[in-house]
Amino acid sequence: MKVVTALSLLLTSTKAFTTGPAFASRAARAASSLSVTIADGVEFDKIAREWRCKWSGDNDKSSLVEAQKALEAVLPSIKQVDGLIEVERVVCGGCLDFKVVSTLSAEKFGDWEAKEFAPESDFLKKLEGINGISVVETQTYTKMPM
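Definitions and limits used
- Residues numbered from 1 in each chain as written.
- Predicted model: local features only at pLDDT ≥ 70, side-chain atom pairs only at ≥ 80, totals over all residues.
- Heavy atoms only, no water.
- Phe/Tyr/Trp six-rings, centres within 6.5 Å; stacked < 30°, edge-to-face > 60°.
- Buried < 20%, exposed > 50% of the residue type's maximum accessible area, 1.4 Å probe, protein only.
- Lys NZ or Arg CZ within 6 Å of the ring centre and 35° of its normal.
- Pairing = 2+ DSSP bridges.
- Helix = DSSP H or I, 4+ residues; strand = E, 2+ residues; numbered from the N terminus.
- Axes fitted to C-alpha atoms, helices over the stretch in contact; angles between N-to-C directions.
- Contact = heavy atoms within 4.5 Å.
- Salt bridge = Lys/Arg side-chain N within 4 Å of Asp/Glu carboxyl O.

Enquirer: If you had to explain the packing of aromatic side chains to someone new, which residues and values would you point to?
Expert: Scanning the model with the defined rule gives five aromatic pairs in all. Arranged with centres 5.1 Å apart and planes meeting at 85°, the rings of Trp112 and Phe117 form a pair that is edge-to-face. By relative accessible area, which is 3% here, Trp112 ends up buried. Through a chain of ring-to-ring contacts, three or more aromatic side chains come together here, namely Trp51, Phe109, Trp112, Phe117 and Phe123. Seen from the ring of Phe117, Arg49 lies directly overhead, with NZ or CZ sitting 4.0 Å from the centre.

Enquirer: Which residues make up the sheet that holds strand E5 (residues 97-105), and what values go with them?
Expert: Taken in spatial order, the four strands of this open sheet run E4-E5-E3-E6, and their pairing is antiparallel. Here the strands that pair on one side only, and so sit at the sheet edges, are strand E4 (84-92) and strand E6 (134-143). Neighbour-to-neighbour, the strand axes of this sheet turn through a mean angle of 15°, independent of strand direction. Relative to E5, E4 runs antiparallel, the two sharing eight bridges. Each bridged residue has a counterpart across the sheet, and for Cys92 the counterpart in E5 is Asp97. On the sheet, helix H4 (residues 106-114) packs against strand E3 (46-54), E5 and E6 and is oriented at approximately 115° with respect to E5.

Enquirer: Provide a residue-level description of the pattern of salt bridges, including the pertinent values.
Expert: Overall, the coordinates contain ten salt bridges when judged by the stated rule. Residue Lys69 pairs with Glu66 through a salt bridge whose shortest N-O separation is 3.4 Å. One end of the pair, Lys69, and the other, Glu66, are both in helix H3 (residues 58-78), three residues apart, so they sit about a helical turn from each other. Connected via shared salt-bridge partners are Glu50, Arg52 and Glu137.

The analysis is restricted to geometry; functional conclusions fall outside its scope.
What follows is the structure in structure tokens.
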């Protein structure tokens, strides 16, 4: 009954794509080994947390090098997150994006959220302290293979 209630809340929510904790928690509680339906034909079975920033090409791309070092420092902790499916690093040389995407099963995502996405705060502080790094942000979204 709780799963049905949580799923009903998710389906009727007007905040279906917000990045706040209420969405992720409802989604994580509603999902088990089955996918969750957001709207007709729109389902997901994984939730991702993205950490991103802009880097500078100045000084031989030193901010990109330092961002990679910051990631490598927290990567062992990320890989210990229960329910982790994969960690991806995305770098765009055109728009100067540096992104880390951690994908978890929908059923385990709420547990990580309750731990404030550790080691997120440490990693973001490291990024913010790097000369040439700007626009440090996070985002939560759903994923589904097609």
